[in-house]
Number of protein chains: 2
Amino acid sequence: MRSLAILDSTLREGEQFSGAFFHLEQRLQIARLLDAIGVTYIEVPSPIASPETHEAVQALCALNLRTQIVAHVRCAERDVEAALATPVAGLNLFYGTSTELRSYSHGRRIDQIIADAVPLIKRVREAGRYVRFSAEDAFRSDLVDLLTVFDAVIEAGVQRIGLPDTVGIATPRQVERLVHLCAERYPQIGIEFHGHNDTGCAIANTVAALEAGADCLDVTVLGIGERNGIASLSGLIAQLYIHYPELIASYDLEKLASLDQYVAESLNLTIPFNIPITAPGAFTHRAGVHTKAVLQNPRAYEVLNPSDFGLARHIDVGSRFTGRYAVG
Amino acid sequence: MRSLAILDSTLREGEQFSGAFFHLEQRLQIARLLDAIGVTYIEVPSPIASPETHEAVQALCALNLRTQIVAHVRCAERDVEAALATPVAGLNLFYGTSTELRSYSHGRRIDQIIADAVPLIKRVREAGRYVRFSAEDAFRSDLVDLLTVFDAVIEAGVQRIGLPDTVGIATPRQVERLVHLCAERYPQIGIEFHGHNDTGCAIANTVAALEAGADCLDVTVLGIGERNGIASLSGLIAQLYIHYPELIASYDLEKLASLDQYVAESLNLTIPFNIPITAPGAFTHRAGVHTKAVLQNPRAYEVLNPSDFGLARHIDVGSRFTGRYAVG
Ligand SMILES: O=C(O)CCC(=O)C(=O)O
Ligand SMILES: O=C(O)CCC(=O)C(=O)O
Ligand SMILES: [Cu+2]
Ligand SMILES: [Cu+2]
């Protein structure tokens, strides 16, 4: 059976969400719940970011979870060394490869990116850690630039490459094409996808990546992250539950609602109504034709069974929509 | 140039959202804003639902908007007559065609569905109104059943058929296939798509329908609707702005934020962070590498220009993420 790694980046991408800040105990609790659910990786910020981040990374590693802790680290020597000085299982390196990021972010040419990344990748491999290299803004990068960089980092020993849709511009079809192309060119390594939601397609793009050959998918709890965030864990789970249940057979789905609730409370949010599975109204039926049918058989208007998630359906029979003439 | 109709169903699907209820003046204001933005259709509930609905439909028609008011009506004679007794521009008929809905909702066979629908469609056409027929739960319907019904209602004179993903189970690829098949089989009529968000793909599915030949796309403000709702107007606009700007060339995009804000306030909600364009943080940049680049050129991390929507970007320079060692 094919296997799929889910990477949760709530503690890295998620903390880039405007207004997000977790205290140490909240970070640990989020990690424990993610571990209990069964995600493969938890991504944390670069330990060099601040003494407080360093301490959090150490504490997270000390939990000794099944879930592997990986640090999101720039291709800079001191950043890599700082991460290697902690017991993280691996390093997720990244470097912007699009013209936009090369011009306005770091100002480096493709050959310079390779010259920066290659020795660091070798260093991480020699240290016996997992290493992934991600081409930030992959979907606005020139294909030759992108593949030139990937050829070099794979040659240097990365175990996985990352294709992030950093600005949320990709369509499912574009994701499918680029992931497929990379999966054919690099059959020996893993492929990770990370999709932003600026145009509302983060979950669809993430599933398109899976179908095209990605073996690691990035999410955050509720989908929090820069700007409109990225794919949500609940959204991805809803997709997998319906279309690829075998890939989450070992997951404890009953913990999902407590995790989403915990993060929402930590951020002083309510779970947005559009989040699959865990939103307050996800299993609420209101229109007359809906409630009538659902009372006979919930499958009439439900494709996810709330009890598989430890949740209950709610039939809004008191509403004005369920009167004699109610229409749906 | 190809043309696209956007149908906003905030006042029908949206009011099926758990907890949603709009007062008459709110309904009128929502309609005025939708009209100012430039959507083609506003869908309203069946006037027979209640005296209050009837009054609202009359008041909405009396606004004399450019946007056409269409009523969402069951295939039942008195429902159709009640709608025809109001000045709505058209009727959106619907009937469940999946085994699930035929068994647990209305209990009618395919031939009975046709026998019910055909005379009503003829009646609406004779009355000189627009008529659409939608196969509720199209994506769980047997293809032969679905096409048998569509063949008959098209023969009877419908101007558009509707393909709703009623339970939010479809993938972009499935939507593409079914819409494409119908577009080839029925080149003479329009095709409408309506996508629920139970598995998080409503917007991607809606765009897939457009690309496969649909000429009318359903949305609601913020995406409110039964359970997790449907595609949001802002999400669809974000997609069209990037991939098909010519289709919304006549839209007044600067009104979008006030509409989303107005509906959120009417429902006592804040706009969820994951809504494209109008979410509070949609143009907020936080991580150090992001803010640094965006200060040089916003295109580094932005694919929608906030000023096209009358909005401003926010650069979170005060946050702990923008320190000297900040990493993104
Ligand atoms: O390292 C990655 O793959 C993702 C970085 C990131 O957050 C992004 O590009 O949006
Ligand atoms: O009439 C339609 O096309 C849509 C009805 C509806 O809300 C649905 O099937 O989800
Ligand atoms: Cu990101
Ligand atoms: Cu609907």
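This text goes with the structure placed above it.
As the structure is a prediction and not an experimental result, all values here were calculated from the model. (Residues numbered from 1 in each chain as written. Chains lettered and ligands numbered in written order. Predicted model: local features only at pLDDT ≥ 70, side-chain atom pairs only at ≥ 80, totals over all residues. Heavy atoms only, no water.)

Novice: Explain the pairing of strand S5 (residues 130–136) of chain B to me, and be specific about the residues and the numbers.
Specialist: Residue and element names in this part refer to chain B. Burial of S5 is extensive: 7 of the 7 residues sit out of reach of the surface. Sheet topology places strand S4 (residues 90–96) next to S5; 7 bridges connect them, and they run parallel. Within S5, the residue paired with Leu91 across the bridge is Val131. Relative to strand S6 (residues 160–165), S5 runs parallel, the two being bridged by 3 bridges. Residue Ser134 lies in a different strand from S6, and its bridge partner there is Gly162. Taking the sense of rotation as the criterion, the β-α-β connection linking S5, helix H6 (residues 143–156) and S6 turns out right-handed. (Buried < 20%, exposed > 50% of the residue type's maximum accessible area, 1.4 Å probe, protein only. Helix = DSSP H or I, 4+ residues; strand = E, 2+ residues; numbered from the N terminus. Pairing = 2+ DSSP bridges. Right-handed = clockwise from strand over helix to strand, strands pointing away.)

Novice: Give a description of the site of ligand 1 that names residues and reports values.
Specialist: All names here are of chain A. Taken together, Arg12, Glu13, His72, Phe94, Arg132, Ser134, Glu136, Pro164, Thr166, His194 and His196 make up the full set of residues adjacent to ligand 1. A distance of 2.6 Å separates an oxygen atom of ligand 1 from a polar side-chain atom of Thr166. Between ligand 1 and His194, the relevant distance is 3.1 Å, taken from an oxygen atom to a side-chain nitrogen or oxygen of the residue. Alone, ligand 1 offers 290 Å² of accessible surface; in the complex the protein occludes 99% of this. Of the residues belonging to the shell around ligand 1, the class tally is 2 nonpolar, 5 polar and 4 charged. (Near = heavy atom within 4 Å. Polar contact = N/O pair within 3.5 Å; in protein donor to acceptor, adjacent residues only side chain to side chain. Areas by Shrake-Rupley, 256 points an atom, 1.4 Å probe, with all protein chains shown as cover. Nonpolar A, V, L, I, M, F, W, Y, C, P; charged D, E, K, R; others polar.)

Novice: Outline the site of ligand 2, listing residues and values.
Specialist: Residues and elements named next belong to chain B. Residues in close proximity to ligand 2 include Arg12, Glu13, His72, Phe94, Arg132, Ser134, Glu136, Pro164, Thr166, His194 and His196, which together make up its full environment. Between an oxygen atom of ligand 2 and a side-chain N or O atom of Glu13, the distance comes to 2.9 Å. A distance of 2.7 Å is found between an oxygen atom of ligand 2 and a side-chain nitrogen or oxygen belonging to His72. Considering ligand 2 on its own, with 290 Å² of exposed area, one finds that the protein chains cover 98% of that surface.

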